[in-house]
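# Examining the three-dimensional arrangement
Residues per chain are reported as follows:
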Amino acid sequence: PRGTMDFMGQLFCERAFQLFILLSGIIGWIVGFIQQDFKVTCYYLAFGTALSAAVCLPDWPWWNRHPLEWLPAGGPPKKRAEGRSDRKAGGDAATKAGAKGGGGGGAKSKAKSKKAQ
């Protein structure tokens, strides 16, 4: 849909939000320290929060500069080829023996054979 935020827009929006809050907090702390008034610090932080909300919360078009190209919708999925049915029926005897634990090897079977010697 038109006007929706893409993934890169979400990243930039999040970073802009954090930057506005951080800068307003730092500036507010400095001004509040100079004036020796904590209320001024809170006002700067509230202004930064309102500014970042006005910039980041609406779905502005500049947050959709990298839209995704979706594939067109297709019909129902196609059936698989008939040549793949041999996997369901089983396999060769070595595969069955390996699945049952009768062969195959591995670290445990090699260790057992060394102990038996």
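Note: the structure precedes this text.
Reference entry: report on the structure contained in this document.

Next up on the list: the overall build of the protein chain. For the protein chain, the count of helices and strands is five helices and zero strands. Counting from the amino terminus, helix and strand elements in the protein chain follow one another as α-α-α-α-α. Counting only residues that meet the buried cut, the protein chain has 11% of its 117 residues in that class. At a minimum sequence separation of 6, the contacts of the protein chain that also span at least 24 residues come to 64%. On the protein chain, roughly 10400 Å² of surface is accessible, and the fraction owed to carbon and sulfur atoms is 64%.

Further remarks concern the packing of helix α1 (residues 7–35) against helix α2 (residues 38–56). Between α1 and α2, whose axes approach to 7 Å, the crossing angle comes to 165°. If you check the angle between α1 and α2, you find them roughly antiparallel. The crossing of α1 and α2 is right-handed. Tallied by class, residues from the contact of α1 with α2 come to 14 nonpolar, nine polar and no charged.

A surface patch of nonpolar side chains, about 670 Å² in accessible area, is lined by L22, I26, W29, I30, F33 and I34. Assignment of secondary structure puts F33 in helix α1.

This part takes up the side chain of D6. One can find D6 in the segment before α1. Buried within the structure, D6 lacks any salt-bridge partner; R65 is the closest side chain of opposite charge, at an N-O distance of 8.4 Å. Polar contacts involving the side chain of D6 include one to the main-chain amide nitrogen of G9, which spans 2.5 Å. Side-chain polar atoms of D6 contact the backbone nitrogen of R65, separated by 3.5 Å.

At Q36, a position not held by glycine, the phi torsion is positive, near 55°. Positionally, Q36 belongs in the loop between α1 and α2.

Another aspect to go through is α1. Compared with the 42 Å implied by 1.5 Å per residue over 29 residues, the 42 Å span of α1 between its first and last C-alpha is a close match. In this fold, the buried residues of α1 make contact with α2. For α1, the N-terminal capping position is held by D6, with its side-chain oxygen 3.4 Å away from the main-chain nitrogen of M8. With its phi angle positive at about 55°, Q36 sits one or two positions after the end of α1.

Considering all chains together, one arrives at three aromatic pairs under this definition. Each ring, one from W29 and one from F33, has its centre 5.4 Å from the other, and the planes form 15°; the classification is stacked. Taken together, the positions of W29 and F33, both in helix α1 and four residues apart, correspond to about one turn of that helix. One exposure class covers both W29 and F33, and it is exposed. Following the ring pairs from residue to residue traces out a cluster consisting of W60, W62 and W63.

What counts as what
Residues numbered from 1 in each chain as written. Predicted model: local features only at pLDDT ≥ 70, side-chain atom pairs only at ≥ 80, totals over all residues. Heavy atoms only, no water. Helix = DSSP H or I, 4+ residues; strand = E, 2+ residues; numbered from the N terminus. Buried < 20%, exposed > 50% of the residue type's maximum accessible area, 1.4 Å probe, protein only. Contact = heavy atoms within 4.5 Å. Areas by Shrake-Rupley, 256 points an atom, 1.4 Å probe, with all protein chains shown as cover. Axes fitted to C-alpha atoms, helices over the stretch in contact; angles between N-to-C directions. Parallel < 35°, antiparallel > 145°, perpendicular 65-115°, else oblique. Left-handed = near helix turned anticlockwise from the far one by under 90°. Nonpolar A, V, L, I, M, F, W, Y, C, P; charged D, E, K, R; others polar. Patch = residues over 30% accessible without salt bridge, like charges linked within 9 Å, V, L, I, M, F, W, Y side chains within 5 Å. Salt bridge = Lys/Arg side-chain N within 4 Å of Asp/Glu carboxyl O. Lys, Arg positive; Asp, Glu negative; His and termini not counted. Polar contact = N/O pair within 3.5 Å; in protein donor to acceptor, adjacent residues only side chain to side chain. Expected span 1.5 Å × (residues − 1). Phe/Tyr/Trp six-rings, centres within 6.5 Å; stacked < 30°, edge-to-face > 60°.

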